[in-house]
Amino acid sequence: MQNEVRVIQDERTEWSFELKNPSSLTSAEGRAWLDEQFNQLGSEPLRPTGKLLVADIVLVVARDAGPKLLSDPNWGQSFAEAASAALGKPVVRINLAGMTVSY
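Residues numbered from 1 in each chain as written. Predicted model: local features only at pLDDT ≥ 70, side-chain atom pairs only at ≥ 80, totals over all residues. Heavy atoms only, no water.

**Side note on the nonpolar core**
Cut-off, in case you're wondering: By nonpolar core is meant a set of buried Ala, Val, Leu, Ile, Met, Phe, Trp, Tyr and Cys residues that side-chain atoms within 4.5 Å join together. Exposure categories follow from relative accessible area, calculated using a 1.4 Å probe and restricted to protein chains: below 20% of the type maximum is buried, above 50% is exposed, and the middle band is partly exposed. Secondary structure counts use DSSP, requiring at least four H or I residues in a row for a helix and at least two E residues in a row for a strand, with both numbered from the N terminus. The contact definition used throughout considers only heavy atoms, calling two residues in contact when any of these lie within 4.5 Å.
Membership of the largest hydrophobic core comes to 27 residues, with the highest contact counts inside it found for Val7, Leu34, Phe79 and Ile94. Every element with two or more residues in this core is listed here: strand 1 (4–8), strand 2 (14–18), helix 1 (27–40), helix 2 (54–70), helix 3 (73–87) and strand 3 (91–95). In terms of residue count, helix 2 provides more of this core than any other element does, eight residues in total. In this structure Val7 touches Thr13, Glu14, Trp15, Phe17, Ala62, Leu70, Phe79, Ile94 and Leu96, once residues within four positions along its chain are discounted.

Okay, here's the thing in structure tokens:
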């Protein structure tokens, strides 16, 4: 089974990250990495209630990272590993245009 995280910006721009060692991070470690990036990027919650679901954090971090960070091989791979671990899913598809996460 292939373990992969894909981030789709639009019909022409997409990033794909193969997860070679999908169990390298625990769910808590993945969530901590995403939380740190959320704060560093100055991200804001998606929902007006301020409640942060893990999928929302993944979406917002990917969106706020933008092409510059997603194109950075080290950052992009770290993001993919953290997202997969935090969500507990080996295959994750992040659609930025539709602001959706699917498994």
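**Here's the deal with the pattern of salt bridges**
Note on pairing: side chains with opposite charge can pair once their charged atoms come close. Quick reminder of the rule: Take a side-chain nitrogen of Lys or Arg and a carboxyl oxygen of Asp or Glu: if they are within 4 Å of each other, that pair is a salt bridge.
Under the defined criterion, the tally for this structure stands at four salt bridges. When the shortest N-O distance is used, the salt bridge between Arg31 and Asp35 registers 3.0 Å. One end of the pair is Arg31 and the other is Asp35, both in helix 1 and four residues apart, which spans about a single turn. What makes Arg31 partly exposed here is its relative accessible area of 28%. Its relative accessible area of 27% is what places Asp35 among the partly exposed residues. Across the salt bridge formed by Asp56 and Arg47, the nearest N and O atoms sit 2.8 Å from each other. Here Asp56 falls in the buried class, since its relative accessible area comes to 4%. Take Arg47: its relative accessible area is 36%, and that puts it in the partly exposed class.

**With respect to the packing of helix 1 against helix 3**
For the record, the criterion: Here the axes come from fitting lines to C-alpha atoms, over the contacting stretch only for helices, and the angles between their N-to-C directions go from 0 to 180 degrees. Here the angle decides the label: under 35 degrees means roughly parallel, over 145 means roughly antiparallel, 65 to 115 means roughly perpendicular, and every other value means oblique. Two helices that cross are described as forming a left-handed crossing if the nearer one is turned anticlockwise from the farther one by less than a right angle, and a right-handed crossing if clockwise.
Helix 3 packs onto helix 1 with a crossing angle of 130° between their chain directions and a minimal axis gap of 7 Å. With respect to their mutual orientation, helix 1 and helix 3 come out oblique. Pair helix 1 / helix 3 crosses with left-handed handedness. For the pair helix 1 and helix 3, the contacting residues are Ser27, Gly30, Arg31, Trp33, Leu34 and Gln37 in the first and Trp75, Ser78, Phe79, Ala82, Ala83, Ala85 and Ala86 in the second.

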